[in-house]
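# Coordinate analysis (summary)
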Amino acid sequence: MSSQIAVPISWFIHFITCHYIIRRVPSDMVRMVLTLLPCVLLTYISCNDLPQYQMSSLITTSVCWMVSIRIIQSIVFSPNEVCPLYSFILKPFWTIFPVIPSAKMEKQWPIVFDFISGLMKLIINQWIFRWLIRCEPRDNYSTTIMLSIMILTSSHISDIQIGFVRLITRDKYTLFSISNYPLFSKSLREFWGRRYNRLASTVFNECIFQPISACSSSPMLAAMTTFIVSGLLHVHVNLVILNDTRTIIPTFAFFFLNGVACCIEKRMAIRLPAPLGWFLTHCFLLITLPLSMGPYARQGPIYFEQNLPPLFDSKWIPKLPVPDICLG
């Protein structure tokens, strides 16, 4: 119990120290060290001994990384940015509940669409989940694709939350959506930058890509650094959840290869026809996806049974028939 209280207090003390003391240090390198080392230590302590296979462990690890990235960006790259303490503390936690004014959204569907989209994704998500939980662990493309679709449709939670926020605030506020239909991506840069996990991509863009690109005048270096940090984050998440060191190299390789591919795509600057761009993008993702999804596919029911989707046992949700066969 004492450690559960000590860790949040330590994070708060680091926030205070960064805001009032470390920010004033003139040397960029010293500010980096004084900010980074406590973040690394606190992230390690916060994520140590988290329960294996639990979604809560994934969320905790991800939040620690996002908070650390935000702090480093504010103190190292924007030390002269004036902001009150409460804003400095709350900004890193924006990814947990990303409320924004509806006026900032360029295009919005009617509120009813958010609920319909969320319900359709929920039905598909639970259908694939019930299918996977019946099958033995299989590390193949069929299982990997099903896992990927299940992850993409897990944004039903965000869609439903968006609908309720817009409804309660009379459409004055909304939530920044987690994804924007990644299956429609016609390039890798569109997939990673504007459609898949937009919360993480926003943090990476604002805190890693833009500052490094401005300092080095090299978008390629900034892009590769962003993918490397993302790869390290996912390596840590997999180690916490799966406790398997064999996941380190393939997980990091997945993000490194996608970073290289995005740089090549940017360098070549070839505008492909939309259907061809869509085909090549998803072919590349499918080829490299087992590097990232394979460790989870090998877990099978052991992992899924401990992470039941929300409303999994609800009777009112339509249930699609689950095939009697397992793909493989």
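This one's a predicted model, so the numbers in the text were calculated from it and none came from an experiment. (Residues numbered from 1 in each chain as written. Predicted model: local features only at pLDDT ≥ 70, side-chain atom pairs only at ≥ 80, totals over all residues. Heavy atoms only, no water.)

### Observations concerning the side chain of Arg 23
Quick note on the threshold: Going along the chain from the N terminus, every DSSP run of H or I of four or more residues is numbered as a helix, and every run of E of two or more is numbered as a strand. Whether two residues are in contact is decided by their heavy atoms, any of which lying within 4.5 Å being enough.
You can see Arg 23 is positioned in the loop between α1 (2-20) and α2 (28-47). Beyond its immediate stretch of four places on either side in the chain, Arg 23 contacts Cys 18, Arg 31, Ser 74, Ile 75, Ser 78, Pro 79, Glu 81, Cys 83 and Phe 88.

### A look at the environment of Val 67
Where we set the bar: For every residue, the accessible area obtained with a 1.4 Å probe (protein chains only) is divided by the maximum for its type, and the residue is called buried under 20%, exposed over 50%, and partly exposed between those limits.
Examined against the element boundaries, Val 67 turns out to sit in helix α3 (residues 55-77). With relative accessibility at 3%, the residue Val 67 sits in the buried group. Separated by 24 residues in sequence, Val 67 and Thr 43 have C-alpha atoms that sit 9.5 Å apart.

### As for empty space enclosed by the protein
Our working definition: Lining residues are those with an atom within 4 Å of a point, where the points come from a 1 Å grid over the protein atoms alone and group into cavities, where a 1.4 Å probe fits but cannot get out, or pockets, open sets with protein on both sides within 12 Å along at least five of seven lines. Grid points are joined across faces, edges and corners, and a volume is the space filled by probe spheres set on the points. Ten residues, namely Ala, Val, Leu, Ile, Met, Phe, Trp, Tyr, Cys and Pro, are considered nonpolar, four, namely Asp, Glu, Lys and Arg, are considered charged, and the remaining ones, Gly among them, are considered polar.
Using the criterion set out here, one finds 2 cavities of 30 Å³ or more in the structure. In this model, the largest cavity occupies a volume close to 90 Å³. Contributions of two or more residues to the lining of the largest cavity are made by α5 (111-132) and α6 (141-153). Among the residues making up the lining of the largest cavity, the classes are represented as 9 nonpolar, 2 polar and 2 charged.

### Side note on the UniProt feature "domain: Wax synthase" (unreviewed entry) in the chain
To be explicit about the condition: UniProt positions are given in the numbering used here, feature names are shortened, and annotations may be inferred rather than shown by experiment.
UniProt tags residues 180-257 as "domain: Wax synthase" (unreviewed entry). This span, residues 180-257, is 78% helix and 0% strand, and a straight line between its end C-alpha atoms measures 23 Å.

### A closer look at the pattern of salt bridges
Put simply, the rule is: By definition here, a salt bridge exists when the distance from a side-chain nitrogen of Lys or Arg to a carboxyl oxygen of Asp or Glu is within 4 Å.
This structure, assessed with the given rule, holds 8 salt bridges. The salt bridge involving Asp 114 is made with Arg 166; its shortest N-O contact spans 2.8 Å. Separated by 52 residues along the polypeptide, Asp 114 in helix α5 and Arg 166 in helix α7 (residues 156-168) bring together distant segments of the chain. No difference in accessibility class separates Asp 114 from Arg 166, as the two residues are buried. Each of Asp 114, Arg 166 and Asp 171 takes part in a single network of salt bridges with overlapping partners.

### Some words on the UniProt feature "transmembrane region" (unreviewed entry) in the chain
Here, the residues flagged by UniProt with the feature "transmembrane region" (unreviewed entry) are residues 6-22, 111-133, 145-168, 220-241 and 276-297. Between the end C-alpha atoms of residues 6-22 there is a gap of 22 Å, over a span that is 88% helix and 0% strand.

### A word on the nonpolar core
Rules: Nonpolar core, defined: a set of buried Ala, Val, Leu, Ile, Met, Phe, Trp, Tyr and Cys residues in which side-chain atoms within 4.5 Å join the residues together.
Among the nonpolar cores identified, the biggest contains 41 residues, and Leu 147, Trp 192 and Phe 204 are the most heavily contacted of them. Considering every element that reaches this core, the biggest residue donor is helix α10 (residues 219-242), with 7 residues. One finds Trp 11, Leu 42, Ile 71 and Ile 89 within the second-largest nonpolar core, a separate group that totals 16 residues.

### Quick look at the side chain of Ser 117
Note the following rule: N or O atoms closer than or at 3.5 Å make up a polar contact, with two conditions inside protein: a donor-capable atom paired with an acceptor-capable one, and, for residues adjacent in sequence, both atoms drawn from side chains.
Locating Ser 117 in the fold gives a position in helix α5. Taking relative accessible area as the criterion, Ser 117 reaches 7% and is therefore assigned buried. In terms of polar contacts, Ser 117 uses its side chain to reach the side chain of Asp 159, at 3.0 Å. In contact with Ser 117, other than residues within four places in its own chain, are Asp 159 and Tyr 181.

### Observations regarding α6
Put simply, the rule is: Residue count minus one, scaled by 1.5 Å, sets the expected span of a helix.
The end-to-end C-alpha distance of α6, which contains 13 residues, comes to 18 Å, matching closely the 18 Å that a straight helix rising 1.5 Å per residue would cover. Thr 143, Thr 144, Met 146, Leu 147, Ser 148, Met 150, Leu 152 and Thr 153 are the residues of α6 that are buried. Those residues of α6 that are buried lie in contact with α5, α7, α12 (274-297) and α13 (301-304).

### Structural notes on unusual backbone geometry
In this structure, Asn 197 takes a positive phi of about 45 degrees despite not being glycine. Structurally, Asn 197 can be placed in the loop between α8 (188-195) and α9 (198-216). We classify Asn 197 as partly exposed; its relative accessible area is 28%. Non-glycine residue Asn 243 carries a positive phi angle of around 55 degrees. Locating Asn 243 in the fold gives a position in the loop between α10 and α11 (248-268).

### Remarks on the packing of aromatic side chains
Applied cut-off: We call Phe, Tyr and Trp rings a pair once their centres come within 6.5 Å, taking the six-membered ring for Trp, and we label the pair stacked below 30 degrees between planes, edge-to-face above 60, and tilted otherwise. Charge over a ring is defined by NZ of Lys or CZ of Arg lying within 6 Å of the ring centre and within 35 degrees of the ring normal.
Applying the stated criterion across every chain, the model contains 14 aromatic pairs. With 4.7 Å between their ring centres and 25 degrees between their planes, Trp 109 and Phe 113 make a pair best called stacked. Where Trp 192 meets Phe 254, the ring centres are 6.0 Å apart and the plane angle is 70 degrees; that geometry is what we call edge-to-face. You can see Trp 192 sitting in helix α8 and its partner Phe 254 sitting in helix α11, a full 62 residues away along the chain. Each member of the pair, Trp 192 as well as Phe 254, carries the same accessibility label: buried. Within the aromatic cluster, the residues linked to one another by ring pairs are Phe 191, Trp 192, Tyr 196, Phe 227, Phe 254 and Phe 255. Here Lys 121 stacks its cationic end above the ring of Tyr 181, 4.7 Å away from the centre of that ring. Note that Arg 198 overlies the ring of Phe 176, its terminal NZ or CZ placed 4.4 Å from the centroid.

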